[in-house]
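# Structural overview for review
Okay, here's what each chain looks like letter by letter:
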Amino acid sequence: MTDQRVPPQETPPAEGSIAEAHEERADGGMWEHPGVWVWLIVFGAVIVAAFFIARIFAL
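Moving on, we get to the overall build of the protein chain. The helix and strand tally for the protein chain stands at one helix and zero strands. For the protein chain, with 59 residues in total, the buried portion stands at 0%. For the protein chain, the exposed surface amounts to about 6,500 Å²; the carbon and sulfur share of it is 65%.

Moving on, we get to a nonpolar patch on the surface. A surface patch of nonpolar side chains, about 460 Å² in accessible area, is lined by Trp31, Val36, Trp37 and Leu40. Its place among the elements puts Val36 in helix α1 (residues 34-57). Judged by its relative accessible area of 41%, Val36 falls in the partly exposed class.

Here we come to the packing of aromatic side chains. One pass over the full model with this rule turns up one aromatic pair. Judged by centre distance (5.3 Å) and plane angle (75 degrees), the ring pair of Phe51 and Phe52 falls under edge-to-face.

The next point concerns the environment of Glu32. Relative to the helices and strands, Glu32 resides in the segment before α1. In this structure, Glu32 is in contact with Arg25, Ala26 and Asp27, ignoring residues within four places of it in sequence.

About the cut-offs
- Residues numbered from 1 in each chain as written.
- Predicted model: local features only at pLDDT ≥ 70, side-chain atom pairs only at ≥ 80, totals over all residues.
- Heavy atoms only, no water.
- Helix = DSSP H or I, 4+ residues; strand = E, 2+ residues; numbered from the N terminus.
- Buried < 20%, exposed > 50% of the residue type's maximum accessible area, 1.4 Å probe, protein only.
- Areas by Shrake-Rupley, 256 points an atom, 1.4 Å probe, with all protein chains shown as cover.
- Patch = residues over 30% accessible without salt bridge, like charges linked within 9 Å, V, L, I, M, F, W, Y side chains within 5 Å.
- Salt bridge = Lys/Arg side-chain N within 4 Å of Asp/Glu carboxyl O.
- Phe/Tyr/Trp six-rings, centres within 6.5 Å; stacked < 30°, edge-to-face > 60°.
- Contact = heavy atoms within 4.5 Å.

Purely geometric stuff here, so don't read any function into it on its own.
So, in structure tokens, the structure goes:
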């Protein structure tokens with residue numbers, strides 16, 4: 001049996017492989033960056049807390 005040589009720049013064929021290359025999914029935009037939403041929630045909570053603290057000291 002002869003051993004077929006594959007040039008270094010090429011990938012040898014895989015025996016029995018029927019899989020195709022998968023496509024990368026698109027970028028999810030802001031939804032893939034939950035840190036933005038966390039900071040918006042924290043900022044809103046600080047604003048609400050500051051409002052109530054200001055009311056307490058305004059008495």
